[in-house]
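# Descriptive structure summary
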Amino acid sequence: MKIPISWLKELVEINTDINVLCERLSNAGFEIEGIEDQSQKLESVVIGKIKSIESHPNADKLKVCYVDVGKSQSKQIICGAKNVQKDALVLVAQEGASLKDNQLVIKETKLRGVLSQGMICSYEEIGQEDKSDGIAILEESNNIEIGQKASKYLS
């Protein structure tokens, strides 16, 4: 099970280096398999908002989504998730992002003849869950800003 350090910080005050903390937890009987800095994996993933959705002209199961990614930028992204919806806050992997432990590098490409400028991600695709049933749809809150790095939102 992966547990973010932020969860521990909600329960106890932590004023030490992560490696020292892991050593102390191990000495107390907790098994630590490893430490992962998830923020590096999310360097090119930002929070976006789906502004509109159209049917893909050449594929029944695909949608053409227009996604606001901040700084007056909008991306056209092809998405096949069943739970994609207008006005949803989503995780957007932009060009150059490496997902699934660098097995998937995002680049601008055409899918069935239509340009896709990124990828709307599930928690599985960004390494936060082992299995996901669709894209991650984020809850609206005061700490979400369109265009902010996903690592900031996900702590």
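Described below are features of the structure shown in this document. Fair warning: this is a prediction, and the values are worked out from it, not measured in the lab. (Residues numbered from 1 in each chain as written. Predicted model: local features only at pLDDT ≥ 70, side-chain atom pairs only at ≥ 80, totals over all residues. Heavy atoms only, no water.)

### Re the overall build of the protein chain
The line we're drawing: To qualify as a helix, a DSSP run of H or I must reach at least 4 residues; to qualify as a strand, a run of E must reach at least 2; elements of each kind are numbered from the N terminus. Under the scheme applied here, a residue whose accessible area is under 20% of the maximum for its type counts as buried, over 50% as exposed, and between as partly exposed, the area being computed with a 1.4 Å probe on protein chains only. The contact rule is simple, with two residues in contact once any of their heavy atoms fall within 4.5 Å. A 1.4 Å probe and the Shrake-Rupley method give the accessible areas. Residues count as covered only by the protein chains that appear here. Working convention for charge: Lys and Arg count positive, Asp and Glu count negative, and His plus the chain ends are omitted. For charged residues, the charge sits on one atom: NZ in Lys, CZ in Arg, CG in Asp, CD in Glu.
A tally of regular secondary structure across the protein chain gives four helices and 10 strands. Counting from the amino terminus, helix and strand elements in the protein chain follow one another as α-α-α-β-β-β-β-β-β-β-β-β-β-α. Along the first, second and third principal axes, the C-alpha set of the protein chain runs to 60 × 35 × 25 Å. Put simply, the protein chain has 155 residues, and 34% of those count as buried. In the protein chain, once contacts between residues fewer than 6 apart in sequence are set aside, the share between residues at least 24 apart is 53%. For the protein chain, the accessible surface area stands at approximately 10,300 Å², while carbon and sulfur atoms represent 45% of it. Averaging the coordinates of the 19 positive side-chain charges in the protein chain and doing the same for the 24 negative ones gives two points 8 Å apart.

### A short note on helix α2 (residues 18–27)
To keep it simple, the criterion reads: A 3.5 Å cut-off defines polar contacts: any pair of N or O atoms within that distance qualifies, except that in protein one atom must be a possible hydrogen donor and the other a possible acceptor, and neighbouring residues in sequence count only when both atoms are side-chain atoms.
If you check the start of α2, you find a side-chain oxygen 2.8 Å away from the backbone N of Asn19, and it comes from Asp17. Phi turns positive, to about 105 degrees, at Gly29, one or two residues after α2.

### Looking at unusual backbone geometry
You will see that Lys71, though not glycine, has its phi angle at about 50 degrees, which is positive. Along the chain, Lys71 turns up in the loop between β2 (63–70) and β3 (73–79).

### Description of the pattern of salt bridges
Using the following cut-off: Salt bridge, as used here: a side-chain nitrogen of Lys or Arg that lies within 4 Å of a carboxyl oxygen of Asp or Glu.
Considering all chains together, one arrives at two salt bridges under this definition. A salt bridge links Asp87 to Lys86, with the shortest nitrogen-to-oxygen separation between them at 3.5 Å.

### Notes on the pairing of strand β1 (residues 45–55)
Threshold: By this definition, two strands are paired if DSSP reports at least two bridges between them.
Bridging between β1 and strand β4 (residues 89–93) involves five bridges; their strand directions are antiparallel. Each residue of the ladder has a partner; that of Gly48, found in β4, is Val90. When β1 meets β2, the two strands line up antiparallel, connected through six bridges. Bridging from a neighbouring strand, Ile50 pairs with Val67 of β2.

### A few points about a nonpolar patch on the surface
Defined as follows: Here a patch means residues that are over 30% exposed by relative accessible area and free of salt bridges, tied together within 9 Å if like-charged and within 5 Å if nonpolar (Val, Leu, Ile, Met, Phe, Trp, Tyr).
On the surface, a nonpolar cluster with roughly 340 Å² of combined accessible area is contributed by Ile18, Phe30, Ile32 and Ile35. Counting through the fold element by element, Phe30 comes out in the loop between α2 and α3 (38–41). Judged by relative accessible area, Phe30 falls into the exposed class, the value being 53%.

### Observations concerning the side chain of Glu125
On the secondary structure map, Glu125 appears in the loop between β9 (119–121) and β10 (137–138). Its relative accessible area of 18% is what places Glu125 among the buried residues. Of note is the side chain of Glu125, whose polar atom sits 2.7 Å from the backbone nitrogen of Ser122.

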